[in-house]
Amino acid sequence: MSKTPKNQLDRKSQAWSALFSEPMSDLVKRYTASVFFDKRLWRADIAGSLAHADMLAKQGIISTQDHAAIEKGLAQVAQEIDSGKFEWKLDLEDVHLNIEARLTQLAGDAGKRLHTGRSRNDQVATDVRLWLRDEIDLILALLGDLQRALLGLAERNADVIMPGFTHLQVAQPVSFGHHMLAYVEMFGRDAERMTDVRRRVNRLPLGAAALAGTSYPLDREQVAGALGMEGVCQNSIDAVSDRDFAIEFAAAASLAMIHISRLSEELVLWMSQSFGFIDIADRFCTGSSIMPQKKNPDVPELARGKTGRVVGHLMGLITLMKGQPLAYNKDNQEDKEPLFDTVDTLKDTLRIFAEMAEGITVRADAMEKAALRGYATATDLADYLVKKGLAFRDAHETVAHAVKAAMSHQVDLSELPLAVLKQFNSVIEKDVYDVLSLRGSLDARDILGGTAPAQVRSQIARHRARLG
Ligand code: ARG
């Protein structure tokens, strides 16, 4: 290797080659640098470099002495970064060049050999994938925690009756536990999606080099195995230019946030004076600086707002790819901030919701009262008539008359005397009151996926077994 100036990587204007006749302008330096956000990839960058160096030595591309010097140097770099002593330099553009420059200071020529058969194009793609894979694992754990917390809330309230809504109009009574289990299903699917995305994230670009592969006899499979990856990217051009994995992740994260946002909207409504269905523990709420009586559900409101931010990142990432010719383009540097913020926002939100679920108090009496207000058992009366031989459409019409009568007397269907009910159809007997009660309506829906508390409990058991 030819002798290069010692400070070569310290002076970025000369880092590329002698071809450049003037230094980069300060404005351009600041515009193009990514170090102040991509430095958070440092652990992945060092892990990737260690696996690459190890393979270079095994393949006889670098000497064992150089390998040892690289390992020692990178251990020190890691220690310096971890302890906050590392000096990140804007002049060195990004996390990769910063680490490599410091390694070269520490390990001399061995440091300069680390980049053999590698480009920052396959290096950065590898780093982002490694980092994201580990973040997905944390997100999966948090999704598990949230599901478990919601299962607890569902179990404590399996017998609590609330009005189920369609069009936000009282529709049929449901168990509050059943309603919570709907969210467990959503977050369960989010976890499935994350697991699926992880498979495509966890593939190795290294070996693609700049875009065409490399003439060194690299053992890519070995590096993939050492990094715990599920395989190597099979086309070098795709390996350095693909960011589908980041987009899919952002899409899965957006959907998880959408679920959080729907739950948030319900919590906000339920905590309002008009509903009065729940209370959220004080530690998750704030007051007003002017209205002393106020207690606001800030956490769900903010989560609903942050959903917009994550969906925005998805739009940013997907638009970033549009119109990019193959292979690597500097545009891709713009993948990091949205990706990082998506991960941070989702993790914080999942964590806080799992905690908040423990702090939700359910006002069973208010829910039940609301369920009584909307003739929620009308369908049950129709079903009763069908079981007595009426066609469903006729039963539907009969019940409409009964509801009209109850409305005019301002009473619930269950409060109409038998003599009055019989006027609508003589098949109606005393046993009708079993189905007209909210409890009777709930218990009757004892079908797989239905709201009967017995079904709710068996679903809770199924989810618990699934979550382990
Ligand atoms: N900072 C760059 C990024 O985030 C690293 C790769 C740069 N490669 C290049 N050829 N300029 O994408």
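In case you missed it, the structure is sitting above this.
Scoring rules and cut-offs
- Residues numbered from 1 in each chain as written.
- Predicted model: local features only at pLDDT ≥ 70, side-chain atom pairs only at ≥ 80, totals over all residues.
- Heavy atoms only, no water.
- Helix = DSSP H or I, 4+ residues; strand = E, 2+ residues; numbered from the N terminus.
- Rg over C-alpha atoms; globule rule 2.2 N^0.38 Å.
- Buried < 20%, exposed > 50% of the residue type's maximum accessible area, 1.4 Å probe, protein only.
- Contact = heavy atoms within 4.5 Å.
- Areas by Shrake-Rupley, 256 points an atom, 1.4 Å probe, with all protein chains shown as cover.
- Near = heavy atom within 4 Å.
- Polar contact = N/O pair within 3.5 Å; in protein donor to acceptor, adjacent residues only side chain to side chain.

Undergrad: Can you help me understand the overall build of the chain in this one?
TA: What the chain contains, in helices and strands, is 20 helices and 4 strands. Radius of gyration (C-alpha) of the chain: 31 Å, far over the 23 Å computed for a compact globule of 468 residues. Projecting the C-alpha coordinates of the chain onto the three principal axes gives extents of approximately 105 × 50 × 40 Å. Out of the 468 residues in the chain, the part that is buried amounts to 51%. For the chain, restricting intrachain contacts to residue pairs at least 6 apart in sequence, the fraction spanning at least 24 positions comes to 74%. For the chain, the accessible surface area stands at approximately 22,400 Å², while carbon and sulfur atoms represent 54% of it.

Undergrad: Help me out: how do you make sense of the site of the ligand in this one?
TA: Every residue lining the ligand is accounted for by S34, D38, D94, H96, R120, N121, V124, Y328, Q333 and K336. In this structure, R120 approaches the ligand through a side-chain N or O atom, which is 3.5 Å from a nitrogen atom.

Undergrad: What is the right way to read the environment of S21 from this model?
TA: Following the sequence through the fold, S21 ends up in the segment before α1 (26-32). With relative accessibility at 77%, the residue S21 sits in the exposed group. On a C-alpha basis, the gap between S21 and A376 in space is 80 Å, while along the polypeptide they are 355 residues apart.

Undergrad: Is there a simple way to think about unusual backbone geometry in this case?
TA: Glycine aside, residues mostly have negative phi angles, and peptide bonds mostly take the trans form. Cis peptide bonds are those with omega within 30 degrees of zero, and the linkage from L326 to A327 qualifies with 5°. Along the chain, the position of A327 falls in the loop between α12 (298-321) and α13 (336-358). Residue A209 is not a glycine yet carries a positive backbone phi of 55°. The topology assignment puts A209 in the loop between α8 (176-201) and α9 (220-226). One non-glycine residue, Y375, lies in the positive phi region at around 55°. Along the chain, Y375 turns up in the loop between α14 (364-373) and α15 (378-387). Looking at Y375, the relative accessible area reads 15%, which means it is buried.

Geometry only, nothing functional implied.
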